[in-house]
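Summary of structural features
This is what each chain is made of:
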Amino acid sequence: MMKSSNLIKVGMADLQVAAQPDVLKSAGLGSCVGVTLFDPESRVGGMAHIMLPSSDIAREGQLNLAKYADTAIPELIRLMVSRGASVKRLESKMAGGSQMFAFSTGSDSMRIGPRNAESCKTMLSKYAIPLMAEDTGGNHGRTIEFDCSTGVLSVRSVQKGSKEL
Amino acid sequence: MKEWKPLAEFQLDVLKEVGNIGAGHAATALSNLLDKPVDMLVPQVRLVPFEGISESVGGAEEVVVAIYLRVEGETPGNMFFILSEESAKGLLRNLAGMETEKEDGFTDMELSALNEIGNILAGSYLSSLADLTKLNMAPTVPALAMDMAGAILSYGLLQHGQMGDHALFIDTKFLNGEEEVEGRFFLIPDPDSFDVLFSALGVTS
């Protein structure tokens, strides 16, 4: 019998790991970046909804690893390996990192979206994980769904419609 | 390192009153613009997980029209005036007495009008708070976006993200009953602004 898939929600500053046939979903990404990792052999997938580029600026007591690019990606890898994924086989896709509002004042926090995406890429290259596809930047929100059966990342936006990566 | 310490009941009451005064002035400004009565609900002060903020406007994927501005000065923070597309059209209709031109979305002129309405309302919200607290609070030029609520509101939570997974915000709902124009104000002060606000109002923790 085919197992029916579950839709697993990944909230803001959250990360989740799942396996075939489940689907991971993050809704309403703005400057946040949704990063997915996938092992096509074991069909284990993971998604992190990353809010900030670096944990250096964290002032919280108990660090939420899922929130920062530099901590979320290692944590996602660790959890996926414990579910049977191999680091060597991992592939990545990402979406988000837009600038929702354009300002001329240009303080650093205004550029947070692009910085999130850059920081994710730096982390991925550190682990030699290839970035297969991305839909980042712009000034619109996105909802993403990652299918652990196929490794397809669907991206939906209000202004730009839907696409599959 | 500083974490959220639970606020005392009287501190929440003070924040509620801050919302009441600010939004009250904004409601009056809106009422003057429309030349119609505008009701507002008692402001709510909430410390909620990030997800909860967009839940309060119908979920992260709900499409909303939002006017955002950054509050600068002694108590920096973020401010949003949020409308459903339906309400935004109602507001334009009420204000200009014209049907909106496009079935879906807005023309540039309409967006510009909405941006200006948001600017006027947010400005009157803030200037009343500045008068009350004698603190310097200046709004930046507003920006408008029509997109998913989650994508928009998350922008106001970045400063809170450095401290935890919750944000404290003041939420006020506006209603223009018979015409069904409904809007919400979110004031999300930066975490460090609360102490300044409390001491300016003479309530120290």
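Residues numbered from 1 in each chain as written. Chains lettered and ligands numbered in written order. Predicted model: local features only at pLDDT ≥ 70, side-chain atom pairs only at ≥ 80, totals over all residues. Heavy atoms only, no water.

Re the overall build of chain A
Stated formally: Strands here are runs of E lasting at least two residues and helices are runs of H or I lasting at least four, both read from the DSSP assignment and numbered beginning at the N terminus. For this measure, only C-alpha atoms enter the radius of gyration; the expected value for a globule follows 2.2 Å times N^0.38, where N is the number of residues. The rule is simple: take the accessible area with a 1.4 Å probe, protein chains only, and divide by the maximum for that residue type; under 20% is buried, over 50% is exposed, in between is partly exposed. Here, residues are in contact when the closest pair of their heavy atoms is within 4.5 Å. Here the open area of atoms and residues is found with the Shrake-Rupley method and a 1.4 Å probe, where only the protein chains shown may cover a residue.
For chain A, the helix and strand inventory stands at 2 helices and 10 strands. Here the C-alpha atoms of chain A give a radius of gyration of 15 Å, agreeing with the 15 Å that 2.2 N^0.38 yields for 165 residues. Oriented by its inertia axes, the alpha-carbon framework of chain A measures out at about 55 × 35 × 25 Å. Classification of the 165 residues of chain A by burial places 56% in the buried group. Excluding contacts between residues fewer than 6 apart, the proportion of contacts in chain A whose partners are at least 24 apart in sequence is 63%. Working note: accessible area of chain A is about 7000 Å², and carbon and sulfur atoms make up 49% of it.

Section: the sheet that holds strand S3 (residues 23-29) of chain A
The strands making up a sheet associate through backbone hydrogen bonding, with each pair oriented either parallel or antiparallel. Residues and elements named next belong to chain A. To keep it simple, the criterion reads: Strand pairing requires that DSSP identify at least two bridges connecting the strands. Under this scheme, a helix contributes an axis fitted over its contacting stretch, all axes are lines through C-alpha atoms, and angles between N-to-C directions fall in the 0 to 180 degree range.
Pairing is mixed across the open sheet formed by 5 strands, whose spatial order is S1-S3-S8-S9-S10. A strand with exactly one partner marks an edge of an open sheet, and here the two such strands are strand S1 (7-9) and strand S10 (161-164). The mean angle between the axes of side-by-side strands here comes to 20°, regardless of whether they run parallel or antiparallel. Pairing between S1 and S3: 3 bridges, direction parallel. Across the sheet, residue Ile-8 finds its bridge partner in S3, namely Leu-24.

Details of the pattern of salt bridges
What counts, and what does not: Whenever a carboxyl oxygen of Asp or Glu lies within 4 Å of a side-chain nitrogen of Lys or Arg, that contact is scored as a salt bridge.
With the rule as written, the count across this model stands at 16 salt bridges over all chains. Here Asp-171 of chain B and Arg-46 of chain B are joined by a salt bridge, their closest N and O atoms 2.6 Å apart. Remark: Arg-46 of chain B occurs in strand S2 (residues 44-49) and Asp-171 of chain B occurs in strand S7 (residues 166-176); sequence separation between them is 125 residues. According to the relative accessible area criterion, Asp-171 of chain B is buried, its value standing at 2%. When its relative accessible area of 23% is taken as the criterion, Arg-46 of chain B is described as partly exposed. Three or more residues are tied together by salt bridges with common partners; here these are Lys-25 and Arg-156 of chain A together with Glu-61 of chain B.

Quick word on the packing of aromatic side chains
Residue and element names in this part refer to chain A. As a reminder of what qualifies: Pairing of aromatic rings covers Phe, Tyr and Trp, the last through its six-membered ring, and needs centres within 6.5 Å; plane angles under 30 degrees mean stacked, over 60 mean edge-to-face, and all others mean tilted.
Overall, the coordinates contain 10 aromatic pairs over all chains when judged by the stated rule. A centroid spacing of 5.4 Å and a plane angle of 75° characterise the contact between Phe-38 and Phe-146, whose relative ring orientation is edge-to-face. One end of the pair, Phe-38, is in strand S4 (residues 33-39); the other, Phe-146, is in strand S8 (residues 142-147), and 108 residues separate them in sequence. This pair shows no difference in class: Phe-38 is buried, exactly as Phe-146 is.

As for the environment of Glu-182 of chain B
All names here are of chain B. Inspection of the secondary structure puts Glu-182 in strand S8 (residues 181-189). Glu-182 sits in the partly exposed class, given a relative accessible area of 33%. Here the alpha-carbon distance between Glu-182 and Pro-142, two residues 40 residues apart in the chain, equals 20 Å. Excluding anything up to four places from it in sequence, Glu-182 contacts Ile-82, Leu-83, Ser-87, Lys-173, Phe-174 and Leu-175.

Some points on the side chain of Thr-143 of chain A
Formally: In protein, a polar contact requires one atom able to donate a hydrogen and another able to accept it; more generally it is a pair of N or O atoms within 3.5 Å, and residues adjacent in sequence count only if both atoms are side-chain atoms.
Within the secondary structure layout, Thr-143 of chain A lies in strand S8. Of note is the side chain of Thr-143 of chain A, whose polar atom sits 3.2 Å from the side chain of Glu-61 of chain B. Excluding its chain neighbours within four sequence positions, the residues that come into contact with Thr-143 of chain A are Lys-25, Ser-26, Ala-27, Gly-28, Ser-154, Val-155 and Arg-156 of chain A together with Glu-61 and Met-148 of chain B.

Comments concerning the interface of chain B and chain A
For clarity, the cut-off: Once two parts are joined, some of their accessible surface, as seen by a 1.4 Å probe, is lost; buried area is that loss totalled over both.
The interface is formed by 34 residues belonging to chain B together with 36 residues belonging to chain A. The largest per-residue losses of area from chain B upon contact with chain A belong to Tyr-155, Leu-158 and Gln-162 of chain B, which jointly make up 23% of the total buried on that side. Our enumeration of links across chain B and chain A arrives at 5 salt bridges. Glu-51 of chain B is the partner of Lys-9 of chain A in a salt bridge, and the nearest nitrogen-oxygen pair spans 3.6 Å. The interface formed by chain B and chain A contains 15 residue pairs in polar contact (both at pLDDT 80 or more). Those elements giving two or more residues to the side of chain B that touches chain A turn out to be helix H2 (50-55), strand S3 (63-73), strand S6 (143-148), helix H5 (149-153) and helix H6 (158-161) of chain B.

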